[in-house]
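# Remarks on the overall topology
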Amino acid sequence: MKAMRILAIETSCDETAASVVQDGTKILSSVVASSSKMHEKYGGIVPEVAAREQLRCIVPVSREALEPLETFHATRANEVIKRHIDAIAITVGPGLIGSLLVGVETAKTISFVTGKPIIPVNHVLAHTYANFVQSCQPSAISHQPENTKLQAESGKLIAFPSISLVVSGGHTELYLMKSIKDLTWLGGTLDDAAGECFDKTARLLGFGHGGGVAIEREAHKFSIQHSAFSITLPRPMMDDSLNFSFSGLKTAVMREWKKYEDHSEELINTFAHEIKESITDVLVEKTLRAAKKHNAQSILLSGGVAANLRLREKFQSKINNQLPSVRFYSPEVQLCTDNAVYIASYAFFRGTPTDWHTITAVPNLSVEEI
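Summary of the structure given here. Since the model is a prediction, treat every value here as computed from it, not as a measurement. By convention here, each chain's residues receive numbers from 1 onward along its written sequence. Local features in this predicted model are restricted to residues of pLDDT 70 or higher, and side-chain atom pairs are both shown and tallied only at a pLDDT of 80 or more, whereas totals for entire chains, interfaces and linings draw on every residue. Values reported for side chains reflect all heavy atoms of the structure, with hydrogen atoms and water molecules removed beforehand.

### Examining the sheet that holds strand E10 (residues 183–187)
Heads up, the rule is: At least two DSSP bridges between two strands are required for those strands to pair. A helix here means a DSSP run of H or I that spans at least four residues, while a strand means a run of E at least two residues long, and both kinds are numbered starting from the N terminus. Interaxial angles span 0 to 180 degrees and are taken between N-to-C directions of axes, which are lines fitted to C-alpha atoms, for helices over the stretch in contact.
The mixed open sheet is built from five strands, whose spatial order is E10-E9-E8-E11-E12. Two strands close off the open sheet at either side, each with one partner strand: E10 and strand E12 (327–329). Within the sheet, the average angular offset between the axes of one strand and its neighbour, ignoring direction, is 25°. Sheet topology places strand E9 (residues 172–177) next to E10; four bridges connect them, and they run antiparallel. Following the sheet pairing, Leu174 is matched in E10 by Gly187.

In structure tokens, the structure reads:
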């Protein structure tokens, strides 16, 4: 069977990413240009700045992603696509409208010029598919007759049904996967997502943009034996539902923070530790609750917050204790944050080619659509 190569483009937030993935699993190239450094002085992403930078980067990033396929250096990009690419995948939402438009219009132009089919992708749903990617290794995908298992990056078979937790800056979503194509939304963000809570509380503690990383770094310095502070934050919305709400935690952090006049490094470390423990406790508890309810055989973690090492450790520990027969999977750290690899993988396994005339950017695209 002829291998299928997909050129994917992702511009939903402040990254400009392009990738070529073969058969949904084998990475041939992955290029990401981020404008995060430009946003640090503002304490968050400025949509207009992100879109302008993406407009500047989209052509060179896409061109670089195609380089491994060139037969000689002078080959024109459109000829490389015509010869070696089978389809174009593009993030259409959710995301920032200006950023999405840069990627969508670029992908539509490529499709028009080369005649290649174009596949629209919901990037929240697509995060899950980072778990099915192999890092530059020969493709070893294995389909069972009933499509109940699929080869993962680890080389072990992911068994369905599976619970997928996508946790990022703007989304905290739980899905039931009955097969590689059958996803059902179970619950998700009602207000602040987990990543958003990390970012907002980090700014409160004095850190700038990209607060989740700062929280984890400072939390590592915390020592319960030597800390002079005892801070306990709530674990929000630990009820029977599978929805998430972290706005109350943000408020609780602010209330506790104001009780102290001297914001010492030790105090900051203590707050960072408790914030991290609170958020990860909720994420793990609700995911395991969903796994028990739906008799899941595996749990998949993905999204930017999935790069948090404490979250991974806690998942593995709790699963070993409570659900020892369930296997836990999470992508390599570099595949957790926004990139085009999982966009291509989703397009291969679940995407549908669409007339490029009808494709448009949808910033408020539902986490259940496409």
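### Digging into the environment of Asn269
Filter applied, for reference: Categorising residues by exposure relies on relative accessible area from a 1.4 Å probe, with only protein chains included: less than 20% of the type maximum marks a residue as buried, more than 50% marks it as exposed, and the intermediate range marks it as partly exposed. By the convention used here, residues are in contact when the closest approach between their heavy atoms is within 4.5 Å.
Position of Asn269 relative to the elements: it lies in helix H9 (residues 265–293). Since its relative accessible area comes to 7%, Asn269 is described here as buried. The sequence separation of Asn269 and His220 amounts to 49 residues, and the corresponding C-alpha distance is 7.8 Å. Discounting chain neighbours no more than four positions away, the residues touching Asn269 are Glu218, Ala219, Lys221 and Phe222.

### A look at the packing of aromatic side chains
Defined as follows: Two rings belonging to Phe, Tyr or Trp (six-membered ring only in the last case) form a pair when the distance between their centres is within 6.5 Å. Interplanar angles under 30 degrees mark stacking, angles over 60 mark edge-to-face geometry, and anything in between is tilted. Geometrically, a lysine NZ or arginine CZ counts as sitting over a ring once it is within 6 Å of the ring centre and also within 35 degrees of the ring normal.
Across all of its chains, the model carries 11 aromatic pairs by this definition. Judged by centre distance (6.2 Å) and plane angle (90°), the ring pair of Tyr260 and Phe271 falls under edge-to-face. Taken as a pair, Tyr260 in the loop between helix H8 (247–257) and H9 and Phe271 in helix H9 lie far apart in primary sequence, 11 residues in all. Accessibility expressed as a relative area gives 0% for Phe271, which makes it buried. Centre to centre, the rings of Phe315 and Phe328 are 5.2 Å apart; their planes meet at 15°, and the pair counts as stacked. Note that Phe315 is positioned in helix H10 (residues 309–322) and Phe328 in strand E12, a separation of 13 residues in sequence. Accessibility expressed as a relative area gives 0% for Phe315, which makes it buried. The ring of Phe244 carries the charged tip of Lys286 above its face, separated from the ring centre by 5.9 Å.

### Quick notes on the sheet that holds strand E4 (residues 87–93)
Strand pairing in a sheet relies on backbone hydrogen bonds. The paired strands run either parallel or antiparallel. Taken in spatial order, the five strands of this open sheet run E3-E2-E1-E4-E5, and their pairing is mixed. With partners counted over all chains shown, the strands left at the sheet margins are strand E3 (26–34) and strand E5 (118–122), one partner each. For this sheet the average axis-to-axis angle between neighbouring strands, irrespective of direction, equals 20°. Taken together, the eight bridges between strand E2 (residues 15–22) and E3 define a ladder with antiparallel strand orientation. For Glu15, the partnering residue across the bridge sits in E3 and is Ser34. Sitting on the sheet, helix H11 (residues 341–350) touches strand E1 (5–10), E2, E3, E4 and E5, and the angle it makes with E1 is about 130°.

### Points about the pattern of salt bridges
Our working rule: The salt bridge criterion pairs a side-chain nitrogen of Lys or Arg with a carboxyl oxygen of Asp or Glu, the two atoms within 4 Å.
In this structure the tally under the stated criterion is 17 salt bridges. With its nearest N and O atoms 3.2 Å apart, the salt bridge here joins Lys250 to Asp192. Here Asp192 lies in the loop between E10 and helix H6 (194–204) and Lys250 lies in helix H8, a separation of 58 residues in the sequence. Residue classification places Lys250 among the partly exposed residues on the basis of a relative accessible area of 22%. A relative accessible area of 8% means that Asp192 is categorised as buried. Here Glu285 makes a salt bridge to Arg289, at a shortest N to O gap of 3.4 Å. Placement of both Glu285 and Arg289 in helix H9 is noted, with a separation of four residues, approximately one turn of the helix.

### Describing unusual backbone geometry
Here the residue pair Gly93 and Pro94 is connected by a cis peptide bond, since its omega of -15° sits within 30 degrees of zero. Mapped onto the secondary structure, Pro94 falls in the loop between E4 and helix H4 (97–114). Geometrically, the link from Phe160 to Pro161 is a cis peptide bond, its omega value of 5° lying close to zero. With respect to the secondary-structure elements, Pro161 resides in the loop between strand E7 (157–159) and strand E8 (162–167). Non-glycine residue Asp23 carries a positive phi angle of around 55°. Looking at the element boundaries, Asp23 is found in the loop between E2 and E3. Of note, Asn295 is a non-glycine position whose phi angle comes to about 50°, a positive value. Relative to the assigned elements, Asn295 resides in the loop between H9 and strand E11 (298–302).

### Quick notes on H4
Selection criterion: Take the residue count of a helix, subtract one, and multiply by 1.5 Å to get its expected span.
Taking 1.5 Å of rise per residue, the 18 residues of H4 would be expected to cover 26 Å, and the 26 Å separating its terminal C-alpha atoms lies within 8% of that figure. Of the positions making up H4, those classed as buried are Ser99, Leu100, Val102, Gly103, Val104, Thr106, Ala107, Lys108, Ile110, Ser111 and Thr114. Of the residues flanking the end of H4, it is Gly115, one or two places downstream, whose phi is positive at about 80°.

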